[in-house]
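Fold and geometry: a report
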Amino acid sequence: MPVPRPRLRTLLITAAVTASASLSLIPLASAHTTPGLPKPTVVLVHGAFADASSWNGVVERLQRDGYPVIAPANPLRGLAEDSTYVASVLASVKGPVILVGHSYGGAVISQAAAGDPQVKALVYIAALVPDKGEKLSALSDKFPGTNELAPALRPVPFSNSDGTGGSDLYVDPTRFRAVFAADLPASQTVVMAAEQRPVAAAAFAASATAAAWHTIPSWALVARQDEALGAPVERFEARRAHSHTIEINSSHVAMISHPGTVTHLIEDAATTTAP
């Protein structure tokens, strides 16, 4: 039997209102993918004889994967000064941090992160990882004959405006590639040698005043062909810190010659420590 027009109109309006009310009860997430938690900021600290551009390949990959990245200039003036500076950089970051250090930068981040609850993981790339009270030079010389850095260093005196001074250390350009970056093209390492940033000799004479790896989980990359620091000391440090460790065939500058592997290690630290 046909439905009378007034009743049909009433039924259609009722159906429309019911459908609208039902849709209003559907959670927003059903229409849009629920966004994940923000990714931690990755702070990359370079070591001696280098600058922040040494992280270029890693920065590009991390940014492509959606990570905020900061690669500050490490002053290379001394462990106390450098770690204080990096700590001030960390204080400017909102939210969790994955803190990464290469070479001498490893000692800097170990001290800078002490007592900082924002730092969720430490990542050491062919790095110095001293314990509290340990002198950097003693740590780097712990396994005699396993690295060639010391005889390749060239001191250059410097003076400050207040009359104080000291010595800067450079790697002899003729030995730079063999000691520092043997797995990179010579055309690249000759430029790196010319542009190297020196470290104050006093930095290696300093003793660490804190070791954040005692309380913050750590990851470590051991470079088997590292002639600047040496794989034996890197393995020793990683075992002592109970770091999640990988080993690769690389020179001292693994972040340049193997940026993908380094990025993967950093992202593993980030995802493992995510809330």
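Residues numbered from 1 in each chain as written. Predicted model: local features only at pLDDT ≥ 70, side-chain atom pairs only at ≥ 80, totals over all residues. Heavy atoms only, no water.

1. Some details on the packing of helix H2 (residues 56-64) against helix H12 (residues 259-272)
To characterise two packed helices, one gives the angle between the axes of the helices and the distance between these axes. Interaxial distance between H2 and H12 falls to 9 Å at its minimum, and their mutual angle equals 50°. The angle between H2 and H12 falls in the class oblique. Along this stretch, H2 crosses H12, giving a crossing that reads as right-handed. Within the contact between the two elements, H2 uses Gly57, Val58, Arg61 and Leu62 and H12 uses Pro259, Gly260, Val262, Thr263, Ile266 and Glu267. When the residues that make up the contact of H2 with H12 are grouped by side-chain class, the tally is 5 nonpolar, 3 polar and 2 charged. (Axes fitted to C-alpha atoms, helices over the stretch in contact; angles between N-to-C directions. Helix = DSSP H or I, 4+ residues; strand = E, 2+ residues; numbered from the N terminus. Parallel < 35°, antiparallel > 145°, perpendicular 65-115°, else oblique. Left-handed = near helix turned anticlockwise from the far one by under 90°. Contact = heavy atoms within 4.5 Å. Nonpolar A, V, L, I, M, F, W, Y, C, P; charged D, E, K, R; others polar.)

2. Notes on the environment of Ala138
With respect to the helices and strands, Ala138 occurs in helix H5 (residues 136-140). On the basis of relative accessible area, Ala138 is assigned to the partly exposed category, the value being 46%. Once the C-alpha coordinates of Ala138 and Ala206 are considered, the two residues, 68 residues apart in sequence, prove to be 9.9 Å apart. (Buried < 20%, exposed > 50% of the residue type's maximum accessible area, 1.4 Å probe, protein only.)

3. A closer look at the confidence of the model for the chain
Looking at the chain as a whole, the pLDDT averages 89, with 87% of positions reaching at least 70. Within the model, the stretch residues 1-6 combines pLDDT values under 50 with 2 contacts to residues more than four positions away or in other chains. Predicted confidence is poor over residues 8-34, with pLDDT under 50, and the contacts of this stretch with residues over four places away or in other chains come to 3 contacts. (pLDDT = per-residue confidence, 0-100.)

4. Quick notes on the pairing of strand S1 (residues 41-45)
Among the 5 residues that make up S1, 5 are buried, leaving the element largely enclosed by the rest of the structure. Of the two faces of S1, the one lined by Thr41, Val43 and Val45 and the one lined by Val42 and Leu44 are each fully buried. With 5 bridges connecting them, S1 and strand S3 (residues 97-102) associate as parallel partners. If you follow Val43 over to S3, its bridge partner there is Leu99. Relative to strand S2 (residues 69-70), S1 runs parallel, the two being bridged by 2 bridges. In the sheet register, Val42 faces S2, and the bridge partner there is Val69. Taking the sense of rotation as the criterion, the β-α-β connection linking S1, H2 and S2 turns out right-handed. (Pairing = 2+ DSSP bridges. Right-handed = clockwise from strand over helix to strand, strands pointing away.)

5. A short note on unusual backbone geometry
The phi torsion at Leu76 lies on the positive side, around 60°, for a residue other than glycine. Mapping Leu76 onto the fold places it in the loop between S2 and helix H3 (79-91). Given the relative accessible area of 0%, Leu76 is considered buried. Although it is not a glycine, Ser103 sits at a positive phi angle of roughly 60°. Note on placement: Ser103 falls in the loop between S3 and helix H4 (104-112). Classification of Ser103 as buried rests on a relative accessible area of 11%.

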